[in-house]
Amino acid sequence: MPETRETREIRETSAAAPLFNDAESPLTWLRARRGKDGKPLISEAQFLAGERLRADFERALLARRTTLNWDLAGAASRGGNVAADVSDEAMAARRRYHEAIDSVGPELASILAQVCCLSAGIEQAERVLQLPARSGRAVLGLALSALARHYGLAEAVRRDGITGWGLDGYKPSLNGGRQP
């Protein structure tokens, strides 16, 4: 697939971040696979939204550490103020991450965290979140659509060209038909 402007921006802004193997990403797998209708299982907008969330999660330093933190070894204690030890970039990434998670709501945030941020497979996310079997892809699709809408990546969804009911130029009255 050709690289889009949004994909390039995500890759350029995460240049300082640790390398990420795209082949291990569940989102890359879903984008590469096609459904029965021949369309990708997730859209480009959904993929970019999930990648942006993952990038902010990593920049925010929210992942659990698997090694000892040697950054402050031998330094005087700051009194346990962890927030003071986090850079401004990490704090901004935390703010963006939490805004995105809050915008999709608590019902959909957990599957985004599992699949996008922790790179769990859909079946594993279903087990952890106690979702019915084979429902994870549908729930993830809804969550990614809401996330893409938050980031301004989603296009308006129209079915059969219908965007609303009413004649052109019709504007409903907001006061219930009463004259002011």
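Coordinates for the structure precede this section.
Residues numbered from 1 in each chain as written. Predicted model: local features only at pLDDT ≥ 70, side-chain atom pairs only at ≥ 80, totals over all residues. Heavy atoms only, no water.

1. Some thoughts on the nonpolar core
Going by this rule: In plain words, nonpolar cores are sets of buried Ala, Val, Leu, Ile, Met, Phe, Trp, Tyr and Cys residues tied together by side-chain atoms within 4.5 Å. When a residue's accessible area, from a 1.4 Å probe over protein chains only, is under 20% of the maximum for its type it is buried; when over 50% it is exposed; and in between it is partly exposed. Secondary structure follows DSSP: runs of H or I at least 4 residues long count as helices, runs of E at least 2 residues long count as strands, and numbering of each begins at the N terminus. Note on contacts: a residue pair is in contact if any heavy atoms of the two residues lie within 4.5 Å.
Leu53, Leu112, Leu140 and Leu147 are the most contacted members of the largest nonpolar core, which has 31 residues in total. Going through the elements one at a time, helix H2 (26-32), helix H3 (44-59), helix H4 (88-104), helix H5 (106-117), helix H6 (122-129) and helix H7 (136-151) are the ones with two or more residues in this core. Ranked by residues supplied to this core, first place goes to H5 with eight residues. Not counting residues within four places of it along the chain, the set of residues in contact with leucine 147 comprises Ala49, Gly50, Leu53, Ala100, Val104 and Leu112.

2. Notes on unusual backbone geometry
Leaving glycine out, the prevailing phi sign among residues is negative, and the prevailing peptide bond configuration is trans. Positive phi outside glycine occurs at glutamine 130, with the angle close to 55°. Within the secondary structure, glutamine 130 sits in the loop between H6 and H7. We classify glutamine 130 as exposed; its relative accessible area is 72%. In this structure, arginine 134 takes a positive phi of about 65° despite not being glycine. Position of arginine 134 among the secondary structure elements: in the loop between H6 and H7. For arginine 134, a relative accessible area of 81% corresponds to the exposed category.

3. Details of the packing of aromatic side chains
Stated formally: Think of it this way: a Phe, Tyr or Trp ring, Trp meaning its six-membered ring, pairs with another when their centres are within 6.5 Å, and the plane angle makes it stacked under 30 degrees, edge-to-face over 60, tilted otherwise. Over a ring means this: the NZ of a Lys or the CZ of an Arg is within 6 Å of the ring centre and within 35 degrees of the ring normal.
Scanning the entire structure with this criterion turns up one aromatic pair. Judged by centre distance (5.6 Å) and plane angle (55°), the ring pair of phenylalanine 57 and tyrosine 97 falls under tilted. One end of the pair, phenylalanine 57, is in helix H3; the other, tyrosine 97, is in helix H4, and 40 residues separate them in sequence. Each member of the pair, phenylalanine 57 together with tyrosine 97, is buried. Between the NZ or CZ atom of arginine 31 and the centre of the ring of phenylalanine 47, over which it lies, the distance is 3.8 Å. Directly above the ring of tyrosine 151 sits arginine 52, whose terminal nitrogen or CZ lies 4.8 Å from the centroid.

4. A look at the side chain of arginine 59
The condition is simple: Polar contacts here mean pairs of N or O atoms no more than 3.5 Å apart (in protein, one a potential hydrogen donor and the other a potential acceptor; neighbouring residues in sequence count only if both atoms are side-chain atoms).
Structurally, arginine 59 is set in helix H3. Within the local environment of arginine 59, its side chain forms a polar contact with the side chain of aspartate 56, the two groups lying 3.2 Å apart.

5. Considering the packing of H4 against H7
Heads up, the rule is: Axis definition: a line fitted to C-alpha atoms, limited for helices to the stretch in contact. Angles are taken between N-to-C directions and run from 0 to 180 degrees. The cut-offs work like this: below 35 degrees is roughly parallel, past 145 is roughly antiparallel, 65 to 115 is roughly perpendicular, and the gaps in between are oblique. What makes a crossing left-handed is the near helix being turned counterclockwise from the far one by less than a right angle; a clockwise turn instead makes it right-handed. Basically, the charged four are Asp, Glu, Lys and Arg, the nonpolar ten are Ala, Val, Leu, Ile, Met, Phe, Trp, Tyr, Cys and Pro, and anything else, Gly included, counts as polar.
Closest axis-to-axis distance for the H4/H7 pair is 9 Å, and the angle between their directions is 125°. Relative to H7, H4 is oriented oblique. Note on packing geometry: the crossing formed by H4 with H7 is right-handed. Of the residues in H7, those in contact with Glu99, Ala100, Ser103 and Val104 of H4 are Ala143, Ala146, Leu147, His150 and Tyr151. Here the contact of H4 with H7 is built from residues that sort into six nonpolar, two polar and one charged.

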